[in-house]
Amino acid sequence: MTARFGRTELPEDLERVLRKAVRLQWTTLAVLAVSVTLVFLTMGNSQAMKAAWIEDMLSFAPPLAFLIAVRIVNKPPSEGYPYGYHRATGVGHLVAAVALCAMGAFLLIDSGMGLLKGEHPPIGSVELLGQTVWLGWLMMAVMALTAVPPVILGRIKIKLAKDLHNKVLYADADMNKADWMTAVGTILGVAGIGIGLWWADAAAALFIAASILHDGWKNMHGAVTDLMDTRAMTFDDGKPHPLIKRVDEYLRGLPWVESAGSRVRDQGQVFHVEAFVVPRDQLPPLEALEAARDGCIDLDWKIQDLVMVPVAELPAEVGGQRQHQSERSL
């Protein structure tokens, strides 16, 4: 079956990338299931372990959002959804981000209260193979063991996120790459209890909570701005997407075009483009307009749809001086 985003069929190389991304997300879910189980079994009364466990639980959200969105955006546009289902990616991104923010804020308050109250979390011992073992050693071993796979998976996902222009996948990869900090913080907190620093556990929990809240806020900002149709950005929101410039340069290079500018919005993984063109003399034949539109779409697979708008003067938002009538009346 051919992979597609709406009506856009992916090139063969990107089909392979998408299949690899899907496999990696299923692998991530399996790794998380093991991690959550191990951390829960060794959690004890440690606030840091509790925070790490909750973070692992929340880490299910981005890969699930990605897998669900990939299935939904495969549907072609319909009468009820004329722009397609691409916003499902942004909605999934926002839901995951809100969950991270909410739980990060809760843990920050919970851990802070524990620190202010001076709670001394006890860490007991367990019988293991006939030997009495301090539970803290098992906690630290589990955190060291579960920290490695997400970091490796995260580094692989970043390259795939760039190729697919998928911000949910990038957010997931970014969180995975930072998981080692949670593990190190938890290990230091548990070790602190072992040497008599009762506050170390709560301090580590605060660090983890702040990390969760930071991830949530960063992702919520990106998801909200995309849903508000901000200018299309690169997959990491680092700069305006270079495809905008390519579209404008292509149109300006046509013999019948005097000037051109585009409004490009990111619909999740593909772009919707409104291209404004000022003809040199008079409006060209319909065939020329259709050829220009097809030429823009052929520039990159991410251009899902393009509307060509001949105008006498470019609007201000695409580099011209003219404002819309409604703007002038304000």
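Residues numbered from 1 in each chain as written. Predicted model: local features only at pLDDT ≥ 70, side-chain atom pairs only at ≥ 80, totals over all residues. Heavy atoms only, no water.

**Q** What's the story with the packing of helix H7 (residues 179-194) against helix H8 (residues 199-227) in this structure? I'm lost.
**A** Helix packing geometry: the angle between the two helix axes and the distance between the axes. Their axes nearest at 7 Å, the elements H7 and H8 cross at an angle of 165°. Here H7 lies roughly antiparallel to H8, going by the angle between them. When the axes of H7 and H8 are compared, the crossing they make is left-handed. Residues Met-181, Thr-182, Gly-185, Thr-186, Leu-188, Gly-189, Gly-192 and Ile-193 of H7 pack against Ala-200, Asp-201, Ala-204, Phe-207 and Ile-208 of H8. (Axes fitted to C-alpha atoms, helices over the stretch in contact; angles between N-to-C directions. Helix = DSSP H or I, 4+ residues; strand = E, 2+ residues; numbered from the N terminus. Parallel < 35°, antiparallel > 145°, perpendicular 65-115°, else oblique. Left-handed = near helix turned anticlockwise from the far one by under 90°. Contact = heavy atoms within 4.5 Å.)

**Q** When you look at the side chain of Gln-269 in this model, what are you seeing that I'm missing?
**A** Tracing the backbone shows Gln-269 in the loop between strand E5 (257-266) and strand E6 (271-279). For Gln-269, a relative accessible area of 4% corresponds to the buried category. Among the polar contacts made by the side chain of Gln-269, one reaches the side chain of Asn-166 at a distance of 2.2 Å. Not counting chain neighbours up to four residues away, the residues in contact with Gln-269 comprise Phe-5, Val-73, Leu-164, His-165, Asn-166, Trp-301 and Lys-302. (Buried < 20%, exposed > 50% of the residue type's maximum accessible area, 1.4 Å probe, protein only. Polar contact = N/O pair within 3.5 Å; in protein donor to acceptor, adjacent residues only side chain to side chain.)

**Q** Teacher, can you tell me more about H8 here?
**A** Residues that lie three or four places apart on an α-helix share one face, since the helix turns once every 3.6 residues. Given a rise of 1.5 Å per residue, 29 residues ought to cover 42 Å, and the 42 Å separating the end C-alpha atoms of H8 matches this to within 8%. Asp-229 lies just past H8 and shows a positive phi near 65°. (Expected span 1.5 Å × (residues − 1).)

**Q** What am I meant to see in the packing of aromatic side chains here?
**A** Describing an aromatic ring pair means giving the distance of the ring centres and the angle of the ring planes. Counted by the stated rule, this structure contains three aromatic pairs. Geometrically, the ring pair formed by Tyr-170 and Phe-235 is edge-to-face, given 5.1 Å between the ring centres and 85° between the ring planes. Taken together, the residues Tyr-170 in helix H6 (residues 167-177) and Phe-235 in the loop between H8 and helix H9 (242-252) connect sequence positions 65 residues apart. Under the relative-accessibility criterion, Phe-235 is labelled buried at 14%. Above the ring of Tyr-85, the side-chain terminus of Lys-75 is found at 5.3 Å from the ring centroid. Here Arg-265 stacks its cationic end above the ring of Tyr-83, 5.3 Å away from the centre of that ring. (Phe/Tyr/Trp six-rings, centres within 6.5 Å; stacked < 30°, edge-to-face > 60°. Lys NZ or Arg CZ within 6 Å of the ring centre and 35° of its normal.)

**Q** Which parts of the structure should I look at to understand the pairing of E5?
**A** Side-chain direction in a regular strand flips from residue to residue, so the side chains alternate between the two faces of the sheet. Looking at chain direction, E5 and E6 are connected through nine bridges and run antiparallel. When the sheet's bridge partners are listed, Val-257 is paired in E6 with Pro-279. What sits between E5 and E6 in their antiparallel hairpin is a turn of four residues, with Gly-268 showing a positive phi close to 135°. (Pairing = 2+ DSSP bridges.)

**Q** Would you mind going over the pattern of salt bridges with me for this structure?
**A** Side-chain pairs of opposite charge can arise where the charged atoms are in close proximity. Overall, the coordinates contain 16 salt bridges when judged by the stated rule. Arg-87 is the salt-bridge partner of Asp-229, the closest N and O atoms lying 2.2 Å from each other. Remark: Arg-87 occurs in helix H4 (residues 87-117) and Asp-229 occurs in the loop between H8 and H9; sequence separation between them is 142 residues. On the basis of relative accessibility, which here comes to 26%, the residue Arg-87 falls in the partly exposed class. The salt bridge partner of Arg-293 is Asp-305, with a shortest N-O separation of 3.2 Å. Residue Arg-293 is found in helix H10 (residues 286-297), and its partner Asp-305 is found in strand E7 (residues 303-310); the two are separated by twelve residues along the sequence. Taking the relative accessible area as the measure of exposure, Arg-293 reaches 30% and is therefore partly exposed. Put simply, Lys-167, Asp-226, Asp-237 and Asp-266 are held in one network by salt bridges that share partners. (Salt bridge = Lys/Arg side-chain N within 4 Å of Asp/Glu carboxyl O.)

**Q** Which parts of the structure should I look at to understand unusual backbone geometry?
**A** Both trends apply: most residues other than glycine have a negative phi, and most peptide bonds are in trans. Backbone geometry places Asp-229, a non-glycine residue, at a positive phi of 65°. Unusually for a residue other than glycine, Asp-237 sits at a positive phi of about 60°. On the secondary structure map, Asp-237 appears in the loop between H8 and H9.

**Q** Explain the side chain of His-272 here, please?
**A** Checked against the element boundaries, His-272 lands in strand E6. Aside from chain neighbours lying at most four places away, what touches His-272 is Tyr-83, Arg-263, Val-264, Arg-265, Gln-267, Asp-305 and Val-307.

**Q** Just to check I follow, could you spell out the environment of Met-308 for this structure?
**A** You can see Met-308 is positioned in strand E7. Each C-alpha atom of the pair Met-308 and Phe-276 lies 6.2 Å from the other, and the pair is 32 residues apart in sequence. Setting aside chain neighbours within four positions, we find Met-308 in contact with Leu-251, Ala-275, Val-277, Leu-289, Ala-292 and Arg-293.

Such coordinate-based values are descriptive only and should not be taken to indicate function.
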